[in-house]
Amino acid sequence: MRKSTCIAAGTALAASGGVIAYPLFFRRWCLTWGARPGEVSMKLPGDELLADAGLVSTRAITIDAPPAAIWPWLVQMGSGRGGAYTYDWIENLLGLHMHSARQVLPQFQDLEVGDELPLGPGRPVMRVEVCDPERTLAIRFADGNWVWIFALVAENGQTRLISRNRIDARGGLLPVRLFNLLVMEPGSLVMERKMLLGIKQRAEDLARQAETRPL
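Report on the accompanying structure. (Residues numbered from 1 in each chain as written. Predicted model: local features only at pLDDT ≥ 70, side-chain atom pairs only at ≥ 80, totals over all residues. Heavy atoms only, no water.)

By the element assignment, Gly144 lies in the loop between strand S4 (136–141) and strand S5 (146–155). Each C-alpha atom, one on Gly144 and one on Arg127, is 9.7 Å from the other, the two residues being 17 residues apart in sequence. (Helix = DSSP H or I, 4+ residues; strand = E, 2+ residues; numbered from the N terminus.)

Here's what the structure looks like:
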């Protein structure tokens, strides 16, 4: 057998293995990273905006800070605003012009329902649908096929930050569905995990600064 044929056969075998292994063994972990069972099943404000979503992910992280130290980082997110606190170089390879802020930006703190958050030049905007300060922020993309919800739940001096994506992932050609399943879903975990960790670090730093600030 030719070397090129062996490589092609090996690649096909690995791909087929991924098609089988990911849905069976890794997909639930990928879609629920960091979230407790009760948080995965919890109804959040904004779920009703896309009640029949074909894909739902619920990821979460514990932050050693009160909701008041987390909320400012959420409301200033967006292109040309506070960024997304993830891998800026990846976002900018896609032309999103994201630059993750390391400080609270006062000019972006007065967020209200109906405001639009830019995703990037020439990209759909995200419209604010729920804005309950220090509790829930829900945004819906312009095409209506994607709702992103952030919920803050205080517990024992800490806060659980829950991030839920609801996406209408139905339809499409088989190659597109497989690409979304095997590439986009794991990729979303890589980016969202970095974002949650980025918010955690920033919020905890802000909370420590508040504690040491002279009265």
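Okay, back to it.
Turning next to the pattern of salt bridges. Summed over the entire model, instances satisfying the criterion amount to twelve salt bridges. In this structure, the salt-bridge partner of Glu39 is Arg36, at a minimum N-O distance of 4.0 Å. The class of Arg36 is partly exposed, set by a relative accessible area of 37%. A salt bridge links Lys200 to Glu204; the nearest nitrogen and oxygen atoms lie 2.8 Å apart. Of this pair, Lys200 and Glu204 both sit in helix H5 (residues 174–212), four residues apart, roughly one helical turn. The exposure class assigned to Lys200 is partly exposed, which follows from its relative accessible area of 23%. Owing to a relative accessible area of 14%, Glu204 belongs among the buried residues under this scheme. The network of salt bridges with shared partners includes Arg36, Glu39, Glu155 and Arg160. (Salt bridge = Lys/Arg side-chain N within 4 Å of Asp/Glu carboxyl O. Buried < 20%, exposed > 50% of the residue type's maximum accessible area, 1.4 Å probe, protein only.)

Here we come to the nonpolar core. Ile63, Ile70, Leu74, Phe150, Leu161, Met195 and Ile199 are the most contacted members of the largest nonpolar core, which totals 37 residues. Elements represented by at least two residues in this core include exactly helix H1 (3–31), strand S1 (55–63), helix H3 (67–75), strand S3 (125–132), S4, S5 and H5. With eight residues, H5 is the single largest residue contributor to this core. Every residue in contact with Ile199, bar those within four places of it in the chain, is listed here: Ile63, Ile70, Trp73, Leu74, Tyr85 and Leu161. Judged by nonpolar contacts, the second largest core, of twelve residues, contains Leu44, Ala138, Ala151 and Ile162. (Core = buried A, V, L, I, M, F, W, Y, C linked by side-chain atoms within 4.5 Å. Contact = heavy atoms within 4.5 Å.)

These values are about where atoms sit, not about what they do.
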